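Reading the structure
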Amino acid sequence: MIQQEEKSGVVGNSDQELEFLLSQGDGIGPEITAAVGQILDAAGVRMRAIPVEMGEKSYLAGHTSGISPEAWELLRHHRLLLKAPITTPRGGGYKSLNVTLRKAFGLFANVRPVKSFPTILGGKPMDVVIVRENEEDTYAGIEHRQTHEVTQCLKLITTPGTDRILHYAFRLAEARQRRELTLMVKDNIMKITDGVFSSRFESLKADFPSVKTRSMIIDIGTAKLAVRPQDFDVVVAPNLYGDILSDVAAEVSGSVGLAGSANLGVTLAMFEAVHGSAPDIAGKGVANPSGLLQAALMMLAYAGRREAATLIENAWLCALEDGYRTADIASGKEKEIVVGTDAFARAVIERLGRRPKELAEAHAVELPSVEPSLQYAALKAAESKTNTSKELHGIDIFLHWDEAGRDPNVLGEKLMQLAQGRLALRMISNRGVKVFPHGNSATVVADHWRCRFVADNAVTHAEILELMGHLVKAGFDIIKTENLYWFNGKPGYSLGQGE
Ligand code: NAD
């Protein structure tokens, strides 16, 4: 009876039916989606889940993005998507539809809260929110094979993309009790790309004086998070690091099957589990539905149904307290009741209306709206446009060259003869290390050479084209070029190691 009263009271808060798109996903997707649907239904959430087809079936039907035209149409006209994991081929095959969705709808903020329950699941105390940039970095997916030996993936970091996510992370941290924000980057190596994150982070500090900040190198930062998660509150990171970091955090908390995530943009917000489609356990009825449930609860809270989210999360906490475990979080203790997906969902449903005794009560993560962060980034971009000068000073010409025993001195001499205008050969590097002039004979070289030509002053594109013409005439295979610009009187490119 109490259960009914509490349930209807809280869920009845919002009069409107909650309408969202629902993708069942692949692998364990349909099993965990059914379990989550039963829990939301039983909690009395007034909702209309509109099925949307994406993933393996759509790929097989010939839609190379994994999303059918009908699904695109639905996505354009709805604001919420609850998405179970999708299988993405490894190594080759179709592009990830997750990445496509995040980029197509500008879902720039990926928020991944991870909590641990040391008293019942073991491990260290953890209540962390990882804010991951969701559109850029190596996930732009721009890759090329350039020579017989060398492949390349472009890491793209934009200043507006960085400003958006950092600003959002500051706001999210500001709304939390601890108000601590840690940036994780590798700016000791990627001084320009990751350096953008560091410098914009520094600039933002003044706008959020109540937020305590620190910056860590991603490798040691990840190690520290794994061993002392209690030292972290909100962590913000570029795309790839954030992806790895959140799986580490979820696994350390007990299982990757426990964490949910929100992908937020202006027109669409997508909620999903952190984990993948787990083909190894698909169809066995043993998957943990908690990750997708957490995603659904984030969606409820985001859509103004915070009390419904709390009601369900409290029931979920009670199920854990009472010993219910799916196999991934079972530790073999006597008190545990190891159950499959459906029975776990039933255990949650039976506890709707109850509050945890031992664990802290549920408290959904506050997800700030994305608009102010987009506005901040747009403002900064406009300022930067008017305040930044740009001058062309040279070019890096990348050659596929495999002659003369790959002796850099032979290549260097030839190129010096060909560069007769204002652009002079400054150096040649191979895999980032300077090999000419004065290279080290022990350096192992590939068939891919970066040849840097610079002038004392600004040069024109015509001068660069003339130089390239000389090289092509001499039979060199130019595989790509990068212009060398100076911005506000400073070089906008990295030096070769040893340059
Ligand atoms: P995965 O997360 O699917 O599985 C990793 C391990 O964790 C497996 O042992 C799996 O059994 C276990 N696991 C995952 N979720 C679980 C759950 N809910 N309950 C119990 N155990 C669970 O990672 P993977 O094997 O690297 O990827 C499988 C597929 O999922 C790939 O095609 C990958 O591209 C895709 N994927 C999709 C998403 C997404 O849709 N957002 C995210 C990550 C991976």
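So, here's what we can say about the structure. Being a predicted model, the structure only gives us computed values, none of them experimental. (Residues numbered from 1 in each chain as written. Predicted model: local features only at pLDDT ≥ 70, side-chain atom pairs only at ≥ 80, totals over all residues. Heavy atoms only, no water.)

If you tally the helices and strands in the chain, you get 16 helices and 20 strands. Its C-alpha atoms give the chain principal-axis dimensions of roughly 90 × 50 × 45 Å. Counting every position in the chain, which comprises 499 residues, the buried fraction comes to 51%. Across the chain, the fraction of contacts at a sequence separation of at least 24, relative to all contacts at a separation of at least 6, is 76%. Total accessible area on the chain is roughly 22600 Å²; 53% of this is exposed by carbon and sulfur atoms. In the chain, which carries 55 positive and 61 negative side-chain charges, the distance between the mean positions of the two groups comes to 3 Å. (Helix = DSSP H or I, 4+ residues; strand = E, 2+ residues; numbered from the N terminus. Buried < 20%, exposed > 50% of the residue type's maximum accessible area, 1.4 Å probe, protein only. Contact = heavy atoms within 4.5 Å. Areas by Shrake-Rupley, 256 points an atom, 1.4 Å probe, with all protein chains shown as cover. Lys, Arg positive; Asp, Glu negative; His and termini not counted. Charge placed at Lys NZ, Arg CZ, Asp CG, Glu CD.)

Contact pair helix α2 (residues 29-42) / helix α13 (residues 341-350): the axes reach a minimum separation of 9 Å and the direction vectors enclose 15°. The orientation of α2 relative to α13 falls into the category roughly parallel. As α2 packs across α13, the resulting crossing turns out to be right-handed. Here E31, I32, A35, Q38, I39 and A42 of α2 lie close against α13, whose contacting residues are T341, A345, V348 and I349. Residue composition of the contact of α2 with α13, grouped by class: 7 nonpolar, 2 polar and 1 charged. (Axes fitted to C-alpha atoms, helices over the stretch in contact; angles between N-to-C directions. Parallel < 35°, antiparallel > 145°, perpendicular 65-115°, else oblique. Left-handed = near helix turned anticlockwise from the far one by under 90°. Nonpolar A, V, L, I, M, F, W, Y, C, P; charged D, E, K, R; others polar.)

Before going further, it helps to examine the sheet that holds strand β15 (residues 390-400). Strand order in this open sheet of 6 strands is β17-β16-β18-β15-β19-β20, and the pairing throughout is antiparallel. Where the open sheet ends on each side, the last strands, each with one partner, are β17 (433-436) and β20 (490-491). Across 10 bridges, β15 lies against strand β19 (residues 477-487) in antiparallel orientation. Looking at the pairing, F398 lines up with K480 of β19. Seen against the sheet, helix α15 (residues 408-418) touches β15, β16 (424-430), β17 and β18 (448-454) and runs at an angle of roughly 155° to β16. (Pairing = 2+ DSSP bridges.)

The next point concerns the packing of aromatic side chains. If you walk through the whole model with that rule in mind, you get 8 aromatic pairs. Judged by centre distance (5.2 Å) and plane angle (35°), the ring pair of F170 and F201 falls under tilted. Here F201 lies in helix α8 (residues 193-205) and F170 lies in helix α7 (residues 159-174), a separation of 31 residues in the sequence. Note on accessibility: F170 and F201 belong to one class, buried. Between F170 and F208, the ring centres sit 5.0 Å apart and the planes meet at 20°, which makes this aromatic pair stacked. One end of the pair, F170, is in helix α7; the other, F208, is in the loop between α8 and β9 (212-217), with 38 residues separating them in the sequence. (Phe/Tyr/Trp six-rings, centres within 6.5 Å; stacked < 30°, edge-to-face > 60°.)

Next up on the list: the packing of helix α9 (residues 218-227) against helix α10 (residues 239-253). Where α9 meets α10, the axes come as close as 9 Å, and the angle between the chain directions of the two elements is 15°. The angle between α9 and α10 falls in the class roughly parallel. α9 and α10 meet at a crossing whose hand is right-handed. Listed contacts from α10 to I218, T222, L225 and A226 of α9 are Y241, L245, V248, A249 and V252. The class makeup of the residues in the contact of α9 with α10 is 8 nonpolar, 1 polar and no charged.

The full set close to the ligand counts 21 residues, and I86, T88, G276, A278 and D280 are the nearest of them. In this structure, an oxygen atom belonging to the ligand sits 2.8 Å away from a main-chain N or O atom of T88. Taken together, the residues of the shell around the ligand break down into 9 nonpolar, 8 polar and 4 charged. (Near = heavy atom within 4 Å. Polar contact = N/O pair within 3.5 Å; in protein donor to acceptor, adjacent residues only side chain to side chain.)

Pairing between side chains of opposite charge can happen when their charged atoms approach one another. Inspection of every chain in the model, using the stated rule, returns 29 salt bridges. A salt bridge links D322 to R354, with the shortest nitrogen-to-oxygen separation between them at 3.0 Å. Of this pair, D322 sits in the loop between α12 (306-321) and β13 (324-325) while R354 sits in the loop between α13 and α14 (371-387); the two residues are 32 residues apart in sequence, bridging distant segments of the chain. Note that E350 is salt-bridged to R351, the shortest N-O span being 3.5 Å. Note on R351: relative accessible area 9%, which makes it buried. Here the salt bridges share partners, and the residues they tie into one network are D322, E350, R351 and R354. (Salt bridge = Lys/Arg side-chain N within 4 Å of Asp/Glu carboxyl O.)

This part is about the sheet that holds β9. Spatial strand order, β2-β1-β3-β12-β11-β4-β5-β10-β8-β9: 10 strands in an open sheet with mixed pairing. Two strands bound the open sheet, and with one partner strand each, they are β2 (47-51) and β9. Neighbour-to-neighbour, the strand axes of the sheet open up by a mean angle of 25°, direction not taken into account. Alignment of strand β5 (residues 127-133) against strand β10 (residues 234-237), held across 4 bridges, turns out to be parallel. What sits directly across from V131, in β10, is V236.

The next point concerns the side chain of H448. Here H448 lies in strand β18. Each residue touching H448, except ones within four places of it in the same chain, is listed here: Q146, T147, V150, F398, L399, S429, N430, R431 and I479.

Omega for the peptide link from F436 to P437 comes to -10°, which places this bond in the cis form. If you trace the backbone, P437 turns up in the loop between β17 and β18. Positive phi is not limited to glycine here, since A404 has a value of about 45°. Given the relative accessible area of 45%, A404 is considered partly exposed. With a phi close to 50°, R431 is a non-glycine residue in the positive phi region.

If you check α7, its first and last C-alpha atoms are 22 Å apart, about what 16 residues at 1.5 Å a residue would give, namely 22 Å. The buried fraction of α7 amounts to 13 of the 16 residues, a majority that puts the element mostly inside the structure. (Expected span 1.5 Å × (residues − 1).)

So, about helix α11 (residues 290-302). The first and last C-alpha atoms of α11 sit 18 Å apart over 13 residues, in line with the 18 Å expected at 1.5 Å per residue. For α11, the tally of buried residues reaches 12 of 13 residues, placing the bulk of the element in the interior. Looking at the residues trailing α11, positive phi occurs at G304, about 85°.

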